[in-house]
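Descriptive structure summary
Letter by letter, the chains look like this.
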Amino acid sequence: MLARKSIIPEEYVLARIAAENLRKPRIRDRPRKARFIAKNGACNLAHKNIREQGRFLQDIFTTLVDLKWRHTLVIFTMSFLCSWLLFAMMWWLVAFAHGDMDPSTENAANSTKWTPCVTCVRSFTSAFLFSIEVQVTIGFGGRMMTEECPLAITVLILQNIVGLIINAVMLGCIFMKTAQAHRRAETLIFSRQAVIAVRNGKLCFMFRVGDLRKSMIISASVRIQVVRKTTTPEGEVIPIHQVDIPVDNPIESNNIFLVAPLIICHVIDKRSPLYDISATDLALQDLELIVILEGVVETTGITTQARTSYVAEEILWGHRFVPIVTEEEGVYAVDYSKFGNTVKVAAPRCSARELDEKPSILIQTLQKSELSHQNSLRKRNSMRRNNSIRRSNSMRRTNSSLIVPKVQFITPEGSQSASET
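Right, let's walk through the structure included here. Given the structure is predicted, the values throughout are model-derived calculations rather than measurements. (Residues numbered from 1 in each chain as written. Predicted model: local features only at pLDDT ≥ 70, side-chain atom pairs only at ≥ 80, totals over all residues. Heavy atoms only, no water.)

**Re the side chain of His319**
Note that His319 resides in strand β10 (residues 319–321). Here Thr342 takes part through its side chain, which lies 3.3 Å from a polar atom of the side chain of His319. The residues contacting His319, other than those within four sequence positions of it, are Val195, Ile196, Ala197, Thr342, Val343, Lys344 and Val345. (Helix = DSSP H or I, 4+ residues; strand = E, 2+ residues; numbered from the N terminus. Polar contact = N/O pair within 3.5 Å; in protein donor to acceptor, adjacent residues only side chain to side chain. Contact = heavy atoms within 4.5 Å.)

Rendered as structure tokens:
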């Protein structure tokens with residue numbers, strides 16, 4: 001099929017497209033900064049150009065625990081297999097040096113009182129099976145040690161010691177990988193977004209944290225840090241500058257009782273890095289708030305740590321978390337489907353510094369919200385009244401349509417009578 005030729009000249013089309021492209025403003029999105037801590041708590045950090053690799057072998061147990069599961073299982077299998085092969089070779093050499101491999105010794109053993117070092121070890125395969133029996137302490141009974149060779153007794157003692165060391169290290173490594181603390185931290189959840197709202201007359205940064213398990217976290221504490229790129233007066237650039245910010249906790253020990261989801265609050269005051277940030281400035285800020293929850297697992301006694309972070313795009317100004325704990329039949333129930341739900345509330349758009357300097361801003365904001373709330377209630381009431389009036393009118397119309405008209409009957413005498421049915 002041939003292409004249809006356009007009626008409009010190509011020169012005019014090209015000129016129009018160029019003019020439209022020039023009219024449209026080109027808006028380039030601000031490049032998003034890489035997160036230091038991911039939402040799942042993983043550290044977004046890559047170690048490069050490490051020259052002293054031997055330091056990892058000095059702490060071999062921690063290195064084995066930090067490896068991935070597939071690497072750990074390969075090392076676990078190869079450690080036992082290599083030790084069995086090594087001592088199988090040693091048993092084969094002991095039997096070969098003593099002459100147990102010579103076929104003539106088998107006839108001599110039947111006729112005289114000649115005793116081998118290890119009975120029934122005639123090849124490398126039998127030596128390998130005997131090595132497994134010694135190290136795993138199976139003992140099938142076909143092959144056994146004799147007191148003929150002191151060297152064989154020394155090899156037996158050495159293999160038992162090496163086998164115990166391998167068992168202790170590898171089984172301990174498997175246990176530690178299975179019971180790692182970060183596995184327990186996966187059931188500690190944080191709200192997807194944080195909020196900034198007014199609480200007790202102060203602007204507060206808030207987020208919600210909860211525990212999905214019934215076993216509690218003992219002595220749980222929450223820390224908040226702000227990570228941002230800063231430049232010192234001397235011109236030094238600090239790419240990851242960490243600043244601790246206080247958490248509003250009425251308990252002096254700073255420990256929380258995490259039996260139900262809690263809203264952690266940080267009051268934005270003079271000590272806070274968010275003191276000079278307003279609602280319009282928040283979207284332009286290049287900062288990241290890291291939340292760290294630490295505690296001791298009740299069942300295992302291991303210290304665990306759960307982490308998350310909030311960037312400027314994940315902080316909602318003028319919102320508040322909805323309540324999710326209710327009392328039902330004498331039991332407090334938690335609805336986790338509303339864990340991260342928020343609702344809009346009245347909050348000044350200015351910074352906390354401006355709010356401290358002009359407290360009337362908060363009063364005006366609350367008054368405006370109260371007026372808007374009353375207006376919305378009036379509109380709802382008027383809409384309800386209109387709906388009720390419409391319903392009543394429609395009911396009257398339907399009732400009037402159901403009324404039966406009068407019917408006249410003519411009697412034989414010629415008189416007319418009206419009746420209603």
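There's more to say after this.
**Brief notes about the sheet that holds strand β5 (residues 237–245)**
Picture the strands of a sheet paired through backbone hydrogen bonds; they go either parallel or antiparallel. Taken in spatial order, the 4 strands make up an open sheet running β5-β4-β7-β8, and their pairing is antiparallel. Each having just a single partner strand, β5 and β8 (303–311) make up the two edges of the open sheet. Within the sheet, the average angular offset between the axes of one strand and its neighbour, ignoring direction, is 25 degrees. Where strand β4 (residues 217–231) meets β5, 7 bridges bridge the pair, whose relative direction is antiparallel. What sits directly across from Thr230, in β5, is Ile238. (Pairing = 2+ DSSP bridges. Axes fitted to C-alpha atoms, helices over the stretch in contact; angles between N-to-C directions.)

**Examining helix α6 (residues 124–136)**
Compared with an ideal rise of 1.5 Å per residue, which puts 13 residues at 18 Å, α6 spans 18 Å between its outermost C-alpha atoms and is within 8% of the ideal. Looking at α6, one finds that the buried residues are Ser126, Ala127, Phe128, Phe130, Ser131, Ile132, Glu133, Val134 and Gln135. Residues of α6 that are buried make contact with α4 (69–98) and α7 (150–178). Phi for Thr137, located one or two positions after α6, is positive at around 55 degrees. (Expected span 1.5 Å × (residues − 1). Buried < 20%, exposed > 50% of the residue type's maximum accessible area, 1.4 Å probe, protein only.)

**Here's the deal with the nonpolar core**
Membership of the largest hydrophobic core comes to 39 residues, with the highest contact counts inside it found for Phe205, Phe207, Leu289 and Leu293. Setting aside residues up to four positions removed in sequence, Phe207 forms contacts with Phe190, Ser191, Ala194, Val222, Ile224, Leu262, Ile263, Ile264, Val291, Tyr310 and Phe321. One finds Val94, Ala127, Cys149 and Ala152 within the second-largest nonpolar core, a separate group that totals 14 residues. (Core = buried A, V, L, I, M, F, W, Y, C linked by side-chain atoms within 4.5 Å.)

**Re the pairing of β4**
Sheet topology places β4 next to strand β7 (residues 287–297); 10 bridges connect them, and they run antiparallel. Within the sheet, the bridge partner assigned to Arg228 lies in β7 and is Leu287. Taken together, β4 and the strand that follows it, β5, pair antiparallel across an intervening segment of 5 residues, in which Gly235 is found at a positive phi of about 95 degrees.

**With respect to the pairing of strand β2 (residues 194–199)**
In terms of burial, β2 is a largely internal element, 5 of the 6 residues being buried. Relative to strand β9 (residues 315–317), β2 is paired through 3 bridges, and the arrangement is parallel. Across the sheet, Ala194 pairs through a bridge with Ile315, a residue of β9. Alignment of β2 against strand β3 (residues 202–211), held across 5 bridges, turns out to be antiparallel. When the bridges of β3 are listed, Ala197 appears paired with Cys204. Following β2, the chain reverses through 2 residues before pairing antiparallel with β3; Asn200 in that reversal takes a positive phi of roughly 55 degrees.

**Comments concerning the side chain of Glu314**
Tracing the chain through its elements places Glu314 in the loop between β8 and β9. A relative accessible area of 15% means that Glu314 is categorised as buried.

**A short note on the pattern of salt bridges**
For the structure on display, the rule yields 8 salt bridges. Put simply, Glu133 and Arg143 hold a salt bridge, and the shortest N to O gap is 3.1 Å. Linking Glu133 in helix α6 with Arg143 in the loop between α6 and α7, this pair joins segments that are 10 residues apart in sequence. The shortest N-O distance in the salt bridge between Arg271 and Asp269 comes to 3.3 Å. Salt bridges sharing partners connect three or more residues here, namely Arg35, Lys39 and Glu314. (Salt bridge = Lys/Arg side-chain N within 4 Å of Asp/Glu carboxyl O.)

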